[in-house]
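Structural characterization, general
For reference, the chains in residue letters:
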Amino acid sequence: MNNFFNQVQAVADWLSSSAQWHGEDGIPHRLLQHLAYSGISLFFAALIGLSLGLLIGHTGRGGFLVVSLANFARAIPTLGLVVLIFNQVGLVLTPVVIALTALAVPPILLNTFEGLRGVDPDARDAARGMGMTGWAVLWKVEVPIALPLILLGLRTAAVQVVATATIAAYVGFGGLGRYIVDGLARNDYDLVIGGSAVLVVVAIVVQLVFTALRRFIVSPGILGQARRS
Amino acid sequence: MIAASGEPLVRWYWIGDHGSQIWGYTQTHMRVALLPVLFGLVISLPIGILCSRFNKAYPAVLATANTIYAIPSLALFMIFVQYTGLNESTVMIPLTLYSLSVLIPNVVDGLASVSDPVRQAATAMGFGPLRRLLQVELPIAVPIVIAGVRIAAVSSISLVAVGELIGQGGLGYYIVNGNQINFPTEIIVATVLIVLLALLTDTILVILQRLLTPWARARGRTA
Amino acid sequence: MITFDSVSKRYPDGTVALDEVSLECRTGQITVFVGTSGGGKTTALRTINRMVDPTGGRVLIDGADVKASKPAELRRGIGYVIQQAGLFPHRTILDNIATVPYLLGASKREARPKALELMERVGLDPAMAGRYPFQLSGGQQQRVGVARALAADPPIMLMDEPFSAVDPVVRAELQAEFLRLQDELHKTIVFVTHDIDEAIKLGDKIAVFRTGGQLVQFDTPEDLLAAPADDFVADFIGRDRGIRRLSFVKAGDVPLRPAPVLPVTSNVSAVGEDWSLVVDAANAPLGWVRSAGLGDAEGTLADARLEPLGHTFSIATDSARAALDAAILSPSGLAVAVDPEGAVVGVAEQRDIAGALAEPEDVR
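None of these values were measured; they are calculated from a predicted model.

**What to know about the interface of chain A and chain C**
Contacts between chain A and chain C engage 20 residues on the former and 21 residues on the latter. Taken together, the elements giving at least two residues each to the side of chain A that touches chain C come down to helix 6 (121-129), helix 7 (134-168) and helix 10 (220-228) of chain A. Grouping the amino acids of the side of chain A that touches chain C by side-chain chemistry returns nine nonpolar, seven polar and four charged.

**Looking at helix 5 (residues 93-117) of chain A**
Over its 25 residues, helix 5 of chain A extends 37 Å from the first C-alpha to the last, a length consistent with the 36 Å expected when each residue adds 1.5 Å. Counting buried positions along helix 5 of chain A yields 18 of 25 residues, so the element is predominantly enclosed.

**Remarks on the sheet that holds strand 14 (residues 313-314) of chain C**
Residues and elements named next belong to chain C. Judged by pairing direction, the sheet is mixed, and its three strands sit side by side in the order 14-15-16 without closing on themselves. If you trace the sheet from one side to the other, it starts and ends with strand 14 and strand 16 (344-349), each paired once. Taken together, the two bridges between strand 14 and strand 15 (residues 334-338) define a ladder with parallel strand orientation. Considered in strand 15, the bridge of Ser314 is made with Val338. Packed on one face of the sheet, helix 13 (residues 320-329) meets strand 14, strand 15 and strand 16 and runs near 130° to strand 15.

**As for the environment of C:Val52**
Residue and element names in this part refer to chain C. Note that Val52 resides in the loop between helix 1 (41-48) and strand 4 (56-61). A C-alpha to C-alpha distance of 54 Å links Val52 and Leu256, two positions 204 residues apart in sequence. Once residues lying within four places of it in the same chain are set aside, the contact partners of Val52 are Lys9, Thr43, Arg46 and Thr47.

**Points about the nonpolar core**
In terms of nonpolar packing, the biggest core is built from 190 residues, with A:Val82 and C:Ile97 touching the most fellow members. No other element matches the 20 residues that helix 7 of chain A contributes to this core. Those residues within four positions of C:Ile97 in sequence are excluded, and the remaining contacts are C:Ala115, C:Leu118, C:Met119, C:Val144, C:Ala147, C:Arg148 and C:Ala151. Membership of the second largest hydrophobic core comes to 30 residues, among which are C:Leu277, C:Trp288, C:Phe313 and C:Ala337.

**Topic: the domain arrangement of chain C**
All names here are of chain C. Considered domain by domain, chain C is made up of domain 1 (2-248) and domain 2 (251-358). Taking the mean C-alpha position of each, domain 1 and domain 2 sit 43 Å from one another. With five residues of domain 1 at the interface, the matching set in domain 2 holds five residues. Taken together, the residues of the side of domain 1 that touches domain 2 break down into three nonpolar, one polar and one charged.

**Observations regarding the interface of chain A and chain B**
Taken residue by residue, the interface counts 33 residues in chain A and 35 residues in chain B. Sorting the residues of the side of chain A that touches chain B by element identifies helix 1 (2-16), helix 3 (63-75), helix 4 (78-89), helix 7, helix 8 (177-186) and helix 9 (189-217) of chain A as the ones contributing at least two each. A per-element tally of the side of chain A that touches chain B places helix 9 of chain A first, with nine residues.

**Focus on the sheet that holds strand 11 (residues 261-263) of chain C**
All names here are of chain C. The three strands are arranged 11-12-13 in an open sheet whose pairing can be described as mixed. Two strands bound the open sheet, and with one partner strand each, they are strand 11 and strand 13 (285-289). This sheet shows a mean twist of 35° between the axes of neighbouring strands, independent of strand direction. Alignment of strand 11 against strand 12 (residues 276-279), held across three bridges, turns out to be parallel. Directly across from Val261, in strand 12, lies its bridge partner Leu277.

Rules used throughout
Residues numbered from 1 in each chain as written. Chains lettered and ligands numbered in written order. Predicted model: local features only at pLDDT ≥ 70, side-chain atom pairs only at ≥ 80, totals over all residues. Contact = placed C-beta atoms within 7 Å. Helix = DSSP H or I, 4+ residues; strand = E, 2+ residues; numbered from the N terminus. Nonpolar A, V, L, I, M, F, W, Y, C, P; charged D, E, K, R; others polar. Expected span 1.5 Å × (residues − 1). Buried ≥ 20, exposed ≤ 12 C-beta atoms within 10 Å, placed from the backbone. Pairing = 2+ DSSP bridges. Axes fitted to C-alpha atoms, helices over the stretch in contact; angles between N-to-C directions. Core = buried A, V, L, I, M, F, W, Y, C linked by C-beta atoms within 7 Å. Domains from an automatic or database assignment.

Below is the structure:
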């Protein structure tokens, strides 16, 4: 365990050294790059995934395709994809962002679809029977009930883009993955561990954000029901 | 499609020439990917069972599992390098942790899917707690648990490649090597092969599930 | 008034859900659709608010074809209650009830007070307004479902087995309150149930459907019990059709005989071989007695052990069925009739009670 404490000490030292907080290789810059790649991809993936998921989930058609697509996307090794893009196109950001987006769509799509499919048919029937139009049924009834699963899809996608952005550093992009890649190249394990530690913090923050979202956006009626079952 | 460098995308002969080498890396890859899933399953069962018994512990366990899942694989591998060096365990232990983070919630959900009337009927018929678990609750939980195994297996197979950055990547070797010598054939073959292996594993698991749950088949439902 | 004009519903795979059904649901009345499963009763109900569109014939509300209105608009004017309530789990009870008013454009400030009133009307504690459906029992959820259907004060209510998913005690309460509500509100109600007893209890008119979507009989409950159209209906109503008919005969129509009373102050020696009814000073019945049951008892009847009455029947409020039940339970085989103050007015033999059926009069 000595090893562990030494490591923590080394990371603490690295983090506190002021060089880490300035300049292109500084934590703020790398963090910003990482969040930029992730954020943009997540945004577009959410746009696509939510729209398709809501459409397919509400109408109920195309479910098999959605599930197959999600399975297929999960099977793609991100390293292979990123490296291939780099090999063909060079250090161009757009293709990589497109890849990040593409990989993030399936979890959002699948979970949104399943969330909508899981809505109690009686609630849907009652809503139609009371005179809600299809649009109203979707937004006033189905989405609020499906919200926990939709948020889960978004969280999974967020984790996915953060991880893929990390790997993008391998082929020369910025972001927090740079610390790991550069550290490995220079045999500077403090750098590697420091970068990994920051990534762990990012992971924890992503978790907290979505936990908070869940508590504040989802109706207490749905949360309580889930707690009971 | 030919890159700016002039190298064609795939040189098909290469595959034929390196058949046995590719097979070797494939074996390593699958071993490094699937053993963790197996370990994960074995470990997640008791943990999941305990969590479904002691509900209070579950939120903490779930939060930990979710957080581990959120850590990028590269970072997790690096953290373990310090303790396990540059060998397979450095990749397999984190992959086991990832599998756990998927499987524990699935075991808990699977057990939760056993309806209360069924549980009570079993107790009333004289099933002791252990027998009820093994003969009634776990079999019913199988579809949901296997759904988790599928996700864990597919993710695992595609994550192993990342391990190549510390030399333990199975087929990932070709991805990195192909990049270094600008030979896209290797990259594409490895990537496609990984996808195929993942989908094949997924299919086998689906078949396994169908075999294990003949009653679901009889009802005409697909799990 | 809801009119079914030769309504048919045939599905592409050949299933016939409705087969040329024609009937009229009168305004202000409760019409019950009853029958075996697959008989089309729910399908028929759902053609009224266009959840199902017929393949043949027309459904008219007050003379206007329902097809002429846009479905969503049509439905906002019709209350709809289903078996599992279908409450929105993500909304509070209050907001669930106010759903249609909100749909019609009411603000929260307008709709919520009315929803609170409705809660009281259907027997729910207003303190629960902020709760969520998962926190309520089945019976409470059903009441919310009814309140929700009433919220926009629609003239028509469609109810699909609304009380089936609760236990018999709760169901009886809900049925009683439902009748009380209807007395106040006089809505045109179409009610689907598979329970013939519920149909007889609640319906002003009953439509019996057979598998294949055929309407077999459409009559008042009394006429249905008295003259089932065929064996299917007779079987569906069940064995005790005769006894059920007695529910529709007033106890006041049952011919009475003088009661063989003995004041409680009498001595035991006054008791004869035949049954005597022991009464107190106010002429209220206390129990039955005869010499064979007294043994070696001495003193007045106040100390003697009396056979229990079972129950009595009130000539003012009860039906002949209650009288028959009292006769069966009575050790003497005689049912004791009491007036509204509880004093004995006579007794009735089982034969006499059954005879009252010969000239049935409507109890309602």
